[in-house]
Amino acid sequence: MGTVAGSIREQIMKNVQATLETITVENGYANTLRSVQRFQQGGQQLSAVPVAVLIEGGDDVDLEGPLAGSYSLTSRTLTVSVVLIHRQDLDTDARSATELMNTIIADVQKAMQVDHTRGGLALDTNEAGIGEMDVEDGQPELVQTIGYRIQYRHRRTDPTIAG
């Protein structure tokens, strides 16, 4: 028996993680994400930064879902937060905290639109907005979140089959 790929939702999350893992200077980006992690209740590994932490949000169902032949489809919009964490090193980087974070945000925005269909699993990927920078004076960690809304469909009777 072959391996089960999982729900379309899970496959989309794996695609988002793999997409963000391509953010490296070698691939033409301004920064290299040292780690892209799914949210862990026990905490995240932050020894190497910048880090992107993916947090799955709500998954709204469109009750007016389309039909495809004899298969009824469920249309959904998944919200995903990309939490960017960086530790500013003033000894090696004289840029302001906002300038530094803006370069990382731009890299994420660019990468997420390389394939807005998430490998054919989604109808579209849209940015929902950027939150305020969360920083405490005197603390080296910079935190900022980019929200995304990913529209996708699956069979109403089987969430592992894309529609």
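Residues numbered from 1 in each chain as written. Predicted model: local features only at pLDDT ≥ 70, side-chain atom pairs only at ≥ 80, totals over all residues. Heavy atoms only, no water.

Caption draft 1: Representation of the overall build of the protein chain. If you tally the helices and strands in the protein chain, you get two helices and seven strands. Order of helices (α) and strands (β) in the protein chain, N terminus to C terminus: α-β-β-β-β-α-β-β-β. When burial is assessed residue by residue, the protein chain has 37% of its 163 residues classed as buried. Summarising the internal contacts of the protein chain: among those between residues at least 6 apart in sequence, 59% fall at separations of at least 24. (Helix = DSSP H or I, 4+ residues; strand = E, 2+ residues; numbered from the N terminus. Buried < 20%, exposed > 50% of the residue type's maximum accessible area, 1.4 Å probe, protein only. Contact = heavy atoms within 4.5 Å.)

Caption draft 2: Structural view of helix 2 (residues 97-112). Here helix 2 is 16 residues long and its end C-alpha atoms lie 23 Å apart, about the 22 Å a rise of 1.5 Å per residue gives. All of the buried residues along helix 2 are L100, M101, T103, I104, I105, D107, V108, A111 and M112. (Expected span 1.5 Å × (residues − 1).)

Caption draft 3: Quick look at the pattern of salt bridges. This structure, assessed with the given rule, holds seven salt bridges. Across the salt bridge formed by R9 and D59, the nearest N and O atoms sit 3.0 Å from each other. Of this pair, R9 sits in helix 1 (residues 8-20) while D59 sits in strand 2 (residues 51-62), placing them 50 residues apart in sequence. Across the pair R76 and D59 runs a salt bridge whose closest N-O atoms are separated by 3.9 Å. Taken together, the residues span a long stretch of sequence, with R76 in strand 4 (residues 71-87) and D59 in strand 2 at a distance of 17 residues. Relative accessible area serves as the criterion here: at 21%, R76 is assigned to the partly exposed category. One salt-bridge network, in which partners are shared between bridges, spans R9, E10, K14, R38, E56, D59 and R76. (Salt bridge = Lys/Arg side-chain N within 4 Å of Asp/Glu carboxyl O.)

Caption draft 4: Region of interest: the packing of aromatic side chains. For the structure shown, the criterion picks out zero aromatic pairs. Lying over the aromatic face of Y29, K110 brings its terminal NZ or CZ to 4.9 Å of the ring centre. (Phe/Tyr/Trp six-rings, centres within 6.5 Å; stacked < 30°, edge-to-face > 60°. Lys NZ or Arg CZ within 6 Å of the ring centre and 35° of its normal.)

Caption draft 5: Region of interest: unusual backbone geometry. Within the chain, R118 stands out as a residue other than glycine whose phi angle is a positive 50°. Positionally, R118 belongs in the loop between helix 2 and strand 5 (122-130). Take R118: its relative accessible area is 1%, and that puts it in the buried class.

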